[in-house]
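Overview (structure and organization)
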Amino acid sequence: MDFDAVADELYSGPPEDFVTTRNQRVAEARKSGDKELAKRIGALRKPSLAAWLVNRLAHEHPGELTELIGLGDELRAAHADLDGRRLRELSGRKQAAVQRVADRVRAIGANPSQAVMDQVVETLEAAVASPEAAAQVTAGRLAAAIAPAGFDQWMIASAGSSAATNQKVEAKSTGKDDGKQEPDDARQRQVAEARDRLATARKEQSSAETALAKAKDAATEVEQQVEDLKAQLAEAERDLRKRRDAARQAQQDYDAAMRAVKDAEKALQRLDPS
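Below or above, wherever it landed, is the structure these notes cover. All residue numbers refer to positions counted from 1 along the written sequence of the respective chain. Per-residue local features are limited, in this predicted model, to residues with pLDDT of at least 70; the limit for side-chain atom pairs, both in listing and counting, is 80 or more; totals at the level of whole chains, interfaces and linings are taken over all residues. Side-chain descriptors were evaluated using all non-hydrogen atoms of the structure, hydrogens and water having been removed beforehand.

Side note on the pattern of salt bridges
Any carboxyl oxygen of Asp or Glu that lies within 4 Å of a side-chain nitrogen of Lys or Arg is treated as forming a salt bridge with it. Tallying each qualifying case throughout the model produces 10 salt bridges. Salt-bridge contacts for R25 lead to E28; the nearest nitrogen and oxygen are separated by 3.1 Å. You can see R25 and its partner E28 sitting in helix α2 (residues 18–31), 3 residues apart, about one turn around the helix. Between R243 and D239 there is a salt bridge, with its nearest N and O atoms 2.8 Å apart. Highlighted residues: R243 and D239, both in helix α10 (residues 181–271), separated by 4 residues, approximately one helical turn. Judged by relative accessible area, which is 56%, R243 ranks as exposed. Under the scheme applied here, a residue whose accessible area is under 20% of the maximum for its type counts as buried, over 50% as exposed, and between as partly exposed, the area being computed with a 1.4 Å probe on protein chains only. You can call D239 partly exposed: its relative accessible area is 32%. Overlapping salt bridges, with partners in common, bring together D4, D8 and R141 in one network. Elements are defined by DSSP. Helices are runs of H or I of four residues or more, strands are runs of E of two residues or more, and each kind is numbered from the N terminus.

A word on the environment of V116
The topology assignment puts V116 in helix α7 (residues 114–129). Among the residues examined, V116 registers a relative accessible area of 14% and is labelled buried. For the pair V116 and R106, spaced 10 residues apart in the sequence, the C-alpha separation amounts to 9.9 Å. Residue contacts follow a heavy-atom distance rule, with two residues in contact if any of their heavy atoms lie within 4.5 Å. With residues up to four places along the chain from it excluded, the contact list for V116 reads L49, A50 and L53.

Side note on the nonpolar core
Remark: nonpolar core denotes a set of buried residues (Ala, Val, Leu, Ile, Met, Phe, Trp, Tyr, Cys) joined through side-chain atoms within 4.5 Å. L53, L57, L65, L68, V120, L124 and V137 are the most contacted members of the largest nonpolar core, which totals 34 residues. Taken together, the elements giving at least two residues each to this core come down to α4 (49–60), α5 (62–80), α6 (84–108), α7 and α8 (131–139). Sort the elements by how many residues they give to this core and α6 lands first, with 8 residues. Excluding residues that lie within four positions of it along the chain, L124 makes contacts with L57, L65, L68, V98, V101 and A102. Formed by 13 residues, the second largest nonpolar core is a distinct cluster that contains Y11, F18, L37 and A38.

What is shown is where atoms sit, not what they do.
Pasting the structure below:
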């Protein structure tokens, strides 16, 4: 049994079958004597619906996902060059690409709610913004949605700041600086700060969702252990009844044998009193 094959089976399969299938694979690994593999499989966590949808995308449409993530490299290069015009262009392309891929995810099925699709979109945006998030998404083994990193918001804010700077330089060159640039810069900072706070809140939400998923999985595992123990107890009780029946039969056989011995002794004494 191979860990990667089991992980792919679990994270691309139906969410409702995750725990049952995982427990079966754990039992199979233990039966084969591979305790370390059983431990690794047992540590896999059931994915949220949003995470499962993204996992399905990674398994079924990897090309579309790779193309979307490729925009992240271009965005980071434009950001490093402080190219505001290029950032605005790429940001527009990214939004359109994310929407196309999100539509593909929605078509996978499961009738996701808008809240779930919001988490899907956030995860896709995180994959564009962060190489680390991209690696997690393309692996197709997410247990929870990923909130966009602060870097993504920084790129957006930088695009706006670069645009404002370009406008200010252009206004000065034409003698049309109307003195409103400073309030615009302040607003840009406020927007950037608000976006950072939103990103932080979403990250905390994602962490809470992960903790909730782990807690639910832990409860399911305990429930499964209880069911296993109940089954073992029932088997032990059946075995006890069988052994008690066997003991009663053995006692009856022993008593019969003792009676036969006594009868034989009496018969012998009658025939040979000496």
